[in-house]
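Tertiary structure, described
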Amino acid sequence: MALCEGWANYREQILTRYYLGLTNYIGTNNSFLVDYLNMFSELTAIGCSFEAIEKSLNTKSISEFQSNLIAIYPNMDKQIEKIILN
């Protein structure tokens, strides 16, 4: 559940910045969720699409999320592992 909540906070941040122009907006002060914000930001920075991340969220653990994402992007396996395991 935390993984999906982290994704929701990340998308809130992106949409708020894009539509409202609040470039410094961070939707939470919770350090646990900030870790997820950073993780999703790094995943999109290496080229993981929103659609692929959302498909990969259909899981019960972060290790399954990682496996699902690597199945979509096998050539980025090392990058994905480094980002998700941090």
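As a starting point, this report considers the structure included with it. (Residues numbered from 1 in each chain as written. Predicted model: local features only at pLDDT ≥ 70, side-chain atom pairs only at ≥ 80, totals over all residues. Heavy atoms only, no water.)

What follows deals with the overall build of the protein chain. Along the protein chain, the regular secondary structure elements total 5 helices and 0 strands. In the protein chain, the order of α-helices and β-strands from amino to carboxyl end is α-α-α-α-α. A globule of 86 residues ought to have a C-alpha radius of gyration of about 12 Å, and the protein chain, at 13 Å, matches this closely. Its C-alpha atoms give the protein chain principal-axis dimensions of about 35 × 25 × 20 Å. (Helix = DSSP H or I, 4+ residues; strand = E, 2+ residues; numbered from the N terminus. Rg over C-alpha atoms; globule rule 2.2 N^0.38 Å.)

Interhelical geometry of helix H2 (residues 31-45) versus helix H4 (residues 62-72) gives an angle of 10° and a closest axis separation of 14 Å. The pairing of H2 with H4 is recorded here as roughly parallel in orientation. For the pair H2 and H4, the contacting residues are Tyr 36, Met 39, Phe 40 and Leu 43 in the first and Ile 62, Phe 65 and Leu 69 in the second. (Axes fitted to C-alpha atoms, helices over the stretch in contact; angles between N-to-C directions. Parallel < 35°, antiparallel > 145°, perpendicular 65-115°, else oblique. Contact = heavy atoms within 4.5 Å.)

Attention now goes to the environment of Val 34. Locating Val 34 in the fold gives a position in helix H2. C-alpha separation for the pair Val 34 and Tyr 18, spaced 16 residues apart in sequence, amounts to 19 Å.

With that out of the way, let us pick up the environment of Ser 56. Checked against the element boundaries, Ser 56 lands in helix H3 (residues 50-56). Take Ser 56: its relative accessible area is 0%, and that puts it in the buried class. Contacts of Ser 56, omitting those with residues within four sequence positions, involve Phe 65, Asn 68, Leu 69 and Ile 72. (Buried < 20%, exposed > 50% of the residue type's maximum accessible area, 1.4 Å probe, protein only.)

Those residues of H4 that sit buried are Phe 65, Gln 66, Leu 69 and Ile 70. Taken down its axis, H4 places every buried residue within 130° of arc, on the same side. (Arc of directions from axis to C-beta.)

Shape is all these values report; function is a separate question.
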